[in-house]
Amino acid sequence: MKNLTLTLTALATVVAGAATLTAQASSHREAPFITTAPKVDGTDFYMFRSYESGRDGYITLIANYLPLQDSYGGPNYFTLDPSALYEIHIDNNGDAVEDITFQFRASTELKGFPLMVGAPGEQKSVAVPLANIGGISAGDQSALNVVETYTVNVVRGDRRSGTRQAVTMASGGSSTFSKPTDNIGNKSILDYPALAAANIHMVTIPGCGMPAKVFVGQRREGFVVNLGETFDLVNIAAPAVALNPNARSLEQNTIGDKNVTSLALEVPISCLTNGSEPVIGGWTTASLRQGRVLNPTPQRQDTLSASPDSNIGSALQGGAWTQVSRLGSPLVNEVVIGLPDKDLFNASEPKDDAQFADYVTHPTLPELLEILFGGAGVTAPDAFPRGDLVAAFLTGVGSVNQPANVVGAEMLRLNTALPATAAGAQNDLGALQCFVNGELTLTNPGCDPAGFPNGRRPIDDVVDIALRAAMGELLPPSVDPRPASQASRNFGYTDGALPNPADYKTVFPYLEDPIPGSPTEAALAAAVN
């Protein structure tokens, strides 16, 4: 980090006024190893000042896992991994080390419901193959064959050796929380919104004088991206507004029919900040036990509970926790970190991010875009090292979301002192609209400083923001003096997939209820007729 500090000092004049992250979007199957363990694959991390009415004094944290869920993915659907440790980390003094960690552990209980099958007098009790044997509602979940619960601990200090205390129900004091089953379909679950709402829990966080909220469960995928075409060498008909005025609405959100599993917390601002420092950094990780041995004769699980570390089923696990997934700012590992280092990045901690500095100061994505679209006039910024990306990727942006005593490290940073923007007034281009020629201009039309890269809200179109930043839209003219017609930095790069405000809730947990695995009987009848 000493070398990185020297680099940042040398870049100080370049860094001033820069305001975004390297080319990013969401995190799905981003590294070779994590493709083998989807239950611990972090997909998105959101951190923003709550904009639900009456909740302005709170910060919402959402860590999404288990990507690209098809709503009809039965019979097992998408349970969390009881052998995994899911975490949300907060750095509240800028030193690139966690100060507060929320640890989530899941448990799965198999009820083993049987049916009596056979001729009278010769019947046998045989276990059913389904996750439920009848209708499920907020008031009656007795037909569930697979029941998930979870616990949350708060750790202050080092994530492994710090002080660990249980988060408990605000009423009754229980430390075990219910998780709604996935949205099997509208015959099994007629009113999923009510079921989900019944599983939003008011909780007490030790050391926090005000109650908080927690929810863990399936949500509709909130990230918007033209995923297939983007990774097919940006196979997009009009990748910039300058090339086609309608470019930003020409393509489809190709993952709009997917679900995801969310770990969501709403915490009072005062419980996350440190003294007079309003800026917090956040990221999520998932870890597995270091050792795993496959069981050649998996134990029958009738009425057995797969609690954390219970070692029943197909594998026996043990040893120290080993981090296998990491996500702060979106799509860093997909399009910033080079292929040889993707697994290493997922296993690393922010305090060690100096080893990845070249990927930020000399990013490859702009050069690839110039190769792909040079014939249309697209040119990559010729301003190395990329101080604008160093600022936002590693330190936060001065006067926006940079801590006073910052150590360069990759994470999502949020200035908790900036007020939330009401849902109806949010700009999906976020804080990008607050900069003119690389200078912060809060009076610029559409300026929304409460959005990405100052934290991240569900509505923020991080793909478009990041593409434009990577191509140099926020470089000051003193660094890249070429006019826009030559530098192409103001082409308005886009993947063409637009977020729709109607697809998000305006209350906790903000992401929409998941898509059901099948429609209602009325909808089926209408389709037939």
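The numbering scheme is per chain: residues are counted from 1 as the chain's sequence reads. Given that the model is predicted, a residue must reach a pLDDT of at least 70 before its local features are reported, and side-chain atom pairs must reach 80 or more before they are shown or counted; all residues, however, enter totals for whole chains, interfaces and linings. In computing side-chain properties, one takes all heavy atoms of the structure into account and sets aside hydrogens as well as water.

## Here's the deal with the sheet that holds strand 11 (residues 201-204)
Pairing between two strands is assigned when DSSP locates at least 2 bridges connecting them. Only DSSP runs of H or I covering at least 4 residues are called helices, and only runs of E covering at least 2 are called strands; the numbering of each starts at the N terminus. Strand order in the open sheet made by the six strands is 1-2-13-12-11-9, with antiparallel pairing throughout. Since the sheet does not close on itself, it has two edges, and those belong to strand 1 (42-49) and strand 9 (168-169), each with one partner. Alignment of strand 12 (residues 212-220) against strand 13 (residues 258-268), held across eight bridges, turns out to be antiparallel. Bridge assignment links Val 216 to a residue of strand 13, and that residue is Leu 263.

## Some points on helix 9 (residues 387-395)
Here's how the labels work: a residue is buried when its accessible area is under 20% of the maximum for its type, exposed when over 50%, partly exposed in between, all with a 1.4 Å probe on protein chains only. Of all nine residues in helix 9, nine are buried, a share of seventy percent or more. Buried within helix 9 we find Gly 387, Asp 388, Leu 389, Val 390, Ala 391, Ala 392, Phe 393, Leu 394 and Thr 395.

## Description of the side chain of Asn 333
Inspection of the secondary structure assignment puts Asn 333 in helix 5 (residues 332-335). Its relative accessible area of 3% is what places Asn 333 among the buried residues. A polar side-chain atom of Asn 333 sits 3.3 Å from a polar atom in the side chain of Asn 346. We call two residues in contact whenever any of their non-hydrogen atoms come within 4.5 Å of each other. Every residue in contact with Asn 333, bar those within four places of it in the chain, is listed here: Glu 30, Ala 31, Lys 342, Phe 345 and Asn 346. In protein, a polar contact requires one atom able to donate a hydrogen and another able to accept it; more generally it is a pair of N or O atoms within 3.5 Å, and residues adjacent in sequence count only if both atoms are side-chain atoms.

## Observations concerning the packing of aromatic side chains
Each Phe, Tyr or Trp ring, with Trp reduced to its six-membered ring, pairs with another whose centre is within 6.5 Å; inter-plane angles below 30 degrees give stacked pairs, above 60 give edge-to-face pairs, and intermediate values give tilted ones. Tallying each qualifying case throughout the model produces eight aromatic pairs. Ring centres of Tyr 51 and Tyr 510 lie 4.6 Å apart, and the angle between their planes is 55°; on these two criteria the pair is classed as tilted. In this pair, Tyr 51 is assigned in the loop between strand 1 and strand 2 (58-70) and Tyr 510 in the loop between helix 11 (484-487) and helix 12 (521-528), connecting sequence segments 459 residues apart. One exposure class covers both Tyr 51 and Tyr 510, and it is buried. A centroid spacing of 5.3 Å and a plane angle of 65° characterise the contact between Phe 345 and Phe 356, whose relative ring orientation is edge-to-face. Of this pair, Phe 345 sits in helix 6 (residues 342-347) while Phe 356 is found in the loop between helix 6 and helix 7 (357-361), placing the two residues eleven residues apart along the sequence. By the burial criterion, Phe 345 is buried, and Phe 356 matches it. Feature note: the residues Phe 48, Tyr 51 and Tyr 510 constitute an aromatic cluster, connected by ring pairs. Just above the ring of Tyr 58 sits the side chain of Arg 55; from NZ or CZ to the centre is 3.9 Å. The ring centre of Trp 321 lies 3.8 Å from the NZ or CZ of Arg 289, which sits over that ring. In this scheme, the term charge over a ring applies when either NZ of a lysine or CZ of an arginine sits within 6 Å of the ring centre and within 35 degrees of the ring normal.

## Digging into unusual backbone geometry
In this chain, Gly 74 is followed by Pro 75 through a cis amide linkage whose omega measures 5°. Counting through the fold element by element, Pro 75 comes out in the loop between strand 2 and strand 3 (85-91). Note the cis peptide between Phe 384 and Pro 385, where omega equals -5°. Note that Pro 385 resides in the loop between helix 8 (365-373) and helix 9.

## Considering the pattern of salt bridges
A pair is scored as a salt bridge if a Lys or Arg side-chain nitrogen falls within 4 Å of a carboxyl oxygen belonging to Asp or Glu. Tallied over the entire structure, the rule returns 23 salt bridges. Taking the shortest distance from any N to any O, the salt bridge between Arg 326 and Asp 353 comes out at 2.7 Å. Here Arg 326, found in strand 16 (residues 315-327), pairs with Asp 353, found in the loop between helix 6 and helix 7; they are 27 residues apart in sequence, far enough to count as distant. For Asp 353, a relative accessible area of 3% translates into the label buried. For Glu 410, the salt bridge identified is with Arg 326, shortest N-O distance 3.7 Å. Taken together, the positions of Glu 410 in the loop between helix 9 and strand 17 (412-415) and Arg 326 in strand 16 put the pair 84 residues apart, joining distant regions of the chain. In this structure, Glu 410 and Arg 326 share a single accessibility class: buried.

## Description of the side chain of Glu 251
Relative to the helices and strands, Glu 251 resides in the loop between helix 4 (227-230) and strand 13. By the counting rule applied here, Lys and Arg register as positive and Asp and Glu as negative, while His and the ends of each chain are not counted. Buried and unpaired, Glu 251 has Arg 248 as its nearest opposite-charge partner, separated by 13 Å. When near neighbours in sequence (up to four residues on either side) are disregarded, Glu 251 contacts Asn 226, Glu 229, Ile 236, Ala 237, Asp 495, Gly 496 and Ala 497.

## Things to note about the nonpolar core
Val 40, Met 47, Leu 61, Tyr 86, Phe 102, Phe 104 and Leu 272 are the most contacted members of the largest nonpolar core, which has 92 residues in total. No other element matches strand 2, which puts five residues into this core. Among residues more than four places away in sequence, those in contact with Met 47 are Ile 59, Thr 60, Leu 61, Ile 90, Ile 280, Gly 281, Gly 282, Leu 412, Arg 413, Leu 414, Gly 455 and Arg 456. Here, the term nonpolar core denotes a set of buried Ala, Val, Leu, Ile, Met, Phe, Trp, Tyr and Cys residues that are joined through side-chain atoms within 4.5 Å. Among the nonpolar cores identified, the runner-up in size contains ten residues, and Leu 389, Val 390, Phe 393 and Leu 394 belong to it.

## As for the state of the cysteines
In what follows, a disulfide is any cysteine sulfur pair within 2.5 Å. The tally for this structure, following the rule as stated, stands at two disulfides. Disulfide pairing is shown between Cys 208 and Cys 271; the S-S distance is 1.7 Å. Judged by the sign of its S-S torsion, about 70°, the bond between Cys 208 and Cys 271 is right-handed. Pair noted here: Cys 208 is in the loop between strand 11 and strand 12 and Cys 271 is in the loop between strand 13 and strand 14 (279-294), with a separation of 63 residues, a long-range link. Each member of the pair, Cys 208 as well as Cys 271, is classed as buried. Sulfur-sulfur distance for the disulfide between Cys 434 and Cys 447 comes to 2.1 Å. Given an S-S torsion of about 95°, the disulfide between Cys 434 and Cys 447 has right-handed geometry. Highlighted residues: Cys 434 in the loop between strand 17 and strand 18 (435-436) and Cys 447 in the loop between strand 19 (439-440) and helix 10 (462-470), separated in sequence by 13 residues. Here the two residues Cys 434 and Cys 447 agree in accessibility, since each one is buried. Numbered in order of appearance, the disulfide-bonded cysteines of the protein are paired 1-2, 3-4.

## Digging into the pairing of strand 3
Across the seven residues that make up strand 3, a large majority, seven, are buried. Alternating residues of strand 3 divide into Leu 85, Glu 87, His 89 and Asp 91 and Tyr 86, Ile 88 and Ile 90, and every residue in both groups is buried. Of the strand pairs in this sheet, strand 3 and strand 14 are connected by seven bridges, and their pairing is antiparallel. Considered in strand 14, the bridge of Leu 85 is made with Ser 287. Where strand 3 meets strand 4 (residues 100-110), five bridges bridge the pair, whose relative direction is antiparallel. Opposite Ile 90, over in strand 4, you have Ile 100 as the bridge partner.

Interpretation in functional terms is not warranted from these geometric data alone.
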